[in-house]
Amino acid sequence: MMANADRQRWVGHADLDAFYASVEERDCPEYRGRPVVVGALPGRRGVVAAANYRARAFGIHSAMPIAEAYRRCPDAVYLRPDMARYAGVSRQIFEILRTLSPVVEPVSVDEAYLDLTGLERLVGPPLAVGQAIKQRILEATGLRTSVGIGPNRLIAKLASEHGKPDGLVVVHPDQVAGFLAPMPVTNLRGVGRAMHKTFARLGIETVGQLRAIPLRYLEEALGRKAAAAFHDQAFGIASA
């Protein structure tokens, strides 16, 4: 996703909200307004593949053992995934995205990056492009999408996550530092439980605090490669 040197680069990240569960709600109106959990069925071994936001209010999330999900909300609708149906909807959504951008890079069945550079002349400013993405998907599929737009993939992804559900967040280059500063370091790529504990031991809970640590100190604590990766992210620099 390269842009000419004389124009601002814009990257979009489109992420369908609770995709599997949302498809089930769309196709079965009797599920609407209820917690919906897609994955293994209660009483069997397995995990949650997706949960709508009503189910998430009970603390249910993807990869949770289904027994724990059922304990938290026995009245939820529990469904086995229909991957063929989800894949068909996914193909439809990616075709919609390609009507806006010639460069669409799927990340998974329910999310993709888009090169939005230069669309100002065809669609409008980034906010208008984001609104067009959301509206076209909603009109064609009945599904809601969270969209993040920024100068690179890192910021676009963080922006879409920040706006969930059904959000639209545009981060301009001069807003990157302020957008990142209050964010928990756990939002950054590569921060798992072990790394979070390491950051906590160093007194680092937010991206702003991480940014304030000199790189040489991070290298001593994390090693050169990890330190460089997190230092770059703290300043909004994406590796890809």
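It should be noted that the structure appears before, not after, this text.
Residues numbered from 1 in each chain as written. Predicted model: local features only at pLDDT ≥ 70, side-chain atom pairs only at ≥ 80, totals over all residues. Heavy atoms only, no water.

What about the layout of surface pockets?
By volume, the largest pocket amounts to about 420 Å³. The wall of the largest pocket is formed by 16 residues, among which Tyr53, Arg56, His61, Ser62 and Lys164 lie closest to the centre. For the lining of the largest pocket, the elements supplying multiple residues, two or more each, are β1 (11-16), α1 (19-27), β3 (48-51) and α2 (53-56). The greatest single-element share of the lining of the largest pocket, amounting to three residues, is contributed by β3. Here the lining of the largest pocket is composed, by residue class, of nine nonpolar, two polar and five charged. Taken as a whole, the second largest pocket holds about 340 Å³ of empty space. Considering the residues around the second largest pocket, the lining is formed by 14 residues, among which Asp17, Ser22, Glu25, Gly142 and Arg144 are closest to the centre. Sorting the residues of the lining of the second largest pocket by element identifies α1 and α2 as the ones contributing at least two each. Per-element accounting of the lining of the second largest pocket gives the leading share, three residues, to α1. Here the residues of the lining of the second largest pocket sort into four nonpolar, four polar and six charged. (1 Å grid on protein atoms, 1.4 Å probe; cavity = no way out; pocket = protein on both sides within 12 Å on 5 of 7 lines; lining within 4 Å. Points joined across faces, edges and corners; volume = space filled by probe spheres on them. Helix = DSSP H or I, 4+ residues; strand = E, 2+ residues; numbered from the N terminus. Nonpolar A, V, L, I, M, F, W, Y, C, P; charged D, E, K, R; others polar.)

Describing empty space enclosed by the protein
Applying the stated rule across the entire model yields one cavity of 30 Å³ or more. Of the pockets and cavities examined, the largest cavity occupies roughly 40 Å³. Trp10, Leu116, Leu119, Glu120, Gly124, Pro125, Pro126 and Val129 are the residues that line the largest cavity. Considering only residue class, the lining of the largest cavity consists of six nonpolar, one polar and one charged.

Regarding the environment of Ala132
Tracing the backbone shows Ala132 in helix α5 (residues 126-141). For Ala132, a relative accessible area of 16% puts it in the buried group. Excluding residues within four positions of it along the chain, Ala132 makes contact with Leu100 and Val123. (Buried < 20%, exposed > 50% of the residue type's maximum accessible area, 1.4 Å probe, protein only. Contact = heavy atoms within 4.5 Å.)

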